[in-house]
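Chains, contacts and geometry: an overview
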Amino acid sequence: MPEDVRTQVKMLVQQEVEAFLKNELDAKKDSPIAILLGYQSLNPSIVLEAVTPLLDTYDVTLLLTKEWLPLQAPWNGVSFVLIEEMAQQELGALIEKSSVLVVPQASYSLLSKLALTIDDEDPVWVALQFQMLGKSIVMANNDVEPNVYQQIHAPHSVLGRLQSYIRQIQTDQVKWVPLNKLVKTVDEQFAAYREKQSLILAKHVERAFQDGLKEIEVPLRSRVTPAAKDLARDLKIEIKQNDSSKGGTL
């Protein structure tokens with residue numbers, strides 16, 4: 001192959017790769033994610049440093065409790081809300097628009113209550129709403145996953161209880177990862193979210209009718225069973241498919 005042709009091919013390939021990467025970045029910037037900072041940390045600067053790369057890649061909303069408010073000052077221009085001061089309806093609307101929930105600082109309280117579906121704290125309520133909408137949660141396990149000394153000295157009953165809670169939230173599709181793998185896991189879960197296919201059954205249409213709904217909003221890639229289509233037509237309920245890569249209800 002002549003050198004000039006080889007150079008042209010190389011340039012074309014490079015342009016295609018650059019265009020692909022730009023499209024991927026644009027897609028992430030168009031899709032909101034939420035970062036929940038709701039529990040105290042022994043090393044808050046490390047937590048903030050770990051999530052900073054997400055601010056450069058995604059459209060981020062910070063969900064803060066008051067103790068984190070002074071610490072987010074370096075992130076000028078990043079939108080944030082104090083979850084204690086927002087009505088659940090307003091928080092629900094924000095959750096609807098977000099694709100992934102990132103929890104860089106967990107706690108024993110969050111772990112146990114999420115495993116048991118107890119929503120008596122604002123941060124737990126937020127996490128449960130993401131789960132109920134079928135959206136991904138990525139949670140850092142630092143400060144909660146027992147370290148080697150805790151494994152040696154803590155009562156077996158306590159360790160067993162913690163492990164049962166961890167297994168439960170993992171069964172519920174929460175990604176429980178070390179802080180240094182948080183960004184990589186968020187990228188993976190965001191990609192999975194964009195490709196997610198929900199299955200719409202007749203029982204879902206029947207429930208919508210019972211709730212007095214005239215339409216059901218589902219992701220663009222959703223599959224609707226023939227029985228669901230027939231029942232929706234009979235009950236005059238519209239099934240609207242939206243682009244879930246822009247956020248929104250699953």
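Residues numbered from 1 in each chain as written. Predicted model: local features only at pLDDT ≥ 70, side-chain atom pairs only at ≥ 80, totals over all residues. Heavy atoms only, no water.

Now for the overall build of the protein. The helix and strand inventory of the protein stands at 10 helices and 10 strands. A buried classification covers 41% of the 250 residues belonging to the protein. For the protein, contacts bridging at least 24 residues in sequence account for 72% of all contacts bridging at least 6. About 14,300 Å² of surface is accessible on the protein, with carbon and sulfur atoms providing 54% of the total. (Helix = DSSP H or I, 4+ residues; strand = E, 2+ residues; numbered from the N terminus. Buried < 20%, exposed > 50% of the residue type's maximum accessible area, 1.4 Å probe, protein only. Contact = heavy atoms within 4.5 Å. Areas by Shrake-Rupley, 256 points an atom, 1.4 Å probe, with all protein chains shown as cover.)

With parallel pairing, the six strands of this open sheet are ordered in space as S3-S2-S1-S4-S5-S6. Strand pairing shows two members of the sheet lacking a second neighbour, strand S3 (79-82) and strand S6 (174-177), which therefore form its edges. Recorded for the sheet is a direction-independent mean angle of 20 degrees between the axes of neighbouring strands. Bridge count for strand S1 (residues 32-37) against strand S2 (residues 59-64) is six bridges, and the pairing is parallel. The residue of S2 that forms the bridge with Ile-33 is Val-60. Of the strands in this sheet, strand S5 (136-140) and S6 are in contact with helix H7 (residues 156-171), which crosses S6 at around 130 degrees. (Pairing = 2+ DSSP bridges. Axes fitted to C-alpha atoms, helices over the stretch in contact; angles between N-to-C directions.)

With respect to burial, helix H5 (residues 122-132) is a largely interior element, eight of its 11 residues being buried. Of the residues trailing H5, Gly-134 is marked for its positive phi of about 70 degrees.

Two packed helices can be described by the angle between their axes and the distance between those axes. Following both chains from N to C, one finds helix H9 (residues 202-210) and helix H10 (residues 226-234) inclined at 25 degrees, their axes separated by 7 Å at the closest point. Accordingly, the angle class assigned to the pair H9 and H10 is roughly parallel. Residues Ala-202, Val-205 and Glu-206 of H9 pack against Ala-227, Ala-228, Leu-231 and Ala-232 of H10. (Parallel < 35°, antiparallel > 145°, perpendicular 65-115°, else oblique.)

In this section: the pattern of salt bridges. On inspection of all chains with the given rule, the structure shows seven salt bridges. Where Glu-85 meets Lys-66, a salt bridge forms, and the shortest distance between an N and an O atom there is 4.0 Å. With Glu-85 in the loop between S3 and helix H3 (88-97) and Lys-66 in the loop between S2 and S3, this residue pair connects regions lying 19 residues apart in the sequence. For Glu-188, the salt bridge goes to Lys-184, with nearest N and O atoms at 2.6 Å. Here Lys-184 and Glu-188 lie together in helix H8 (residues 182-195), a separation of four residues that amounts to about one turn. Classification of Lys-184 as exposed rests on a relative accessible area of 54%. (Salt bridge = Lys/Arg side-chain N within 4 Å of Asp/Glu carboxyl O.)

All right, on to the packing of aromatic side chains then. The description of an aromatic ring pair rests on the distance of the ring centres and on the angle between the ring planes. Counting across every chain of the model gives one aromatic pair. Aromatic side chains Tyr-58 and Phe-190 sit 5.2 Å apart centroid to centroid with 75 degrees between the ring planes, which places their arrangement in the edge-to-face category. One end of the pair, Tyr-58, is in the loop between helix H2 (44-57) and S2; the other, Phe-190, is in helix H8, with 132 residues separating them in the sequence. (Phe/Tyr/Trp six-rings, centres within 6.5 Å; stacked < 30°, edge-to-face > 60°.)

As a further point, take the confidence of the model for the protein. The share of residues in the protein with pLDDT of 70 or more is 83%, and the mean pLDDT across the chain is 85. For the stretch residues 17-27, pLDDT sits under 50, and the model shows four contacts to residues farther than four places along the chain or on other chains. (pLDDT = per-residue confidence, 0-100.)

It is worth spelling out the nonpolar core at this point. Side chains of a nonpolar character, in soluble globular proteins, are inclined to be buried together. By size, the foremost hydrophobic cluster in this structure holds 31 residues, and its most contacted members are Leu-63, Leu-101 and Met-139. Sort the elements by how many residues they give to this core and H5 lands first, with six residues. Those residues in contact with Leu-101, other than ones at most four positions away along the chain, are Ala-34, Leu-36, Leu-63, Val-126, Ala-127, Phe-130, Ser-136, Ile-137 and Val-138. If you look at the next biggest cluster of nonpolar residues, it comprises 26 residues, including Tyr-58, Leu-62, Trp-75 and Val-138. (Core = buried A, V, L, I, M, F, W, Y, C linked by side-chain atoms within 4.5 Å.)

On the surface, a nonpolar cluster with roughly 350 Å² of combined accessible area is contributed by Val-148, Tyr-149 and Ile-152. On the secondary structure map, Ile-152 appears in helix H6 (residues 148-153). Among the residues examined, Ile-152 registers a relative accessible area of 56% and is labelled exposed. (Patch = residues over 30% accessible without salt bridge, like charges linked within 9 Å, V, L, I, M, F, W, Y side chains within 5 Å.)

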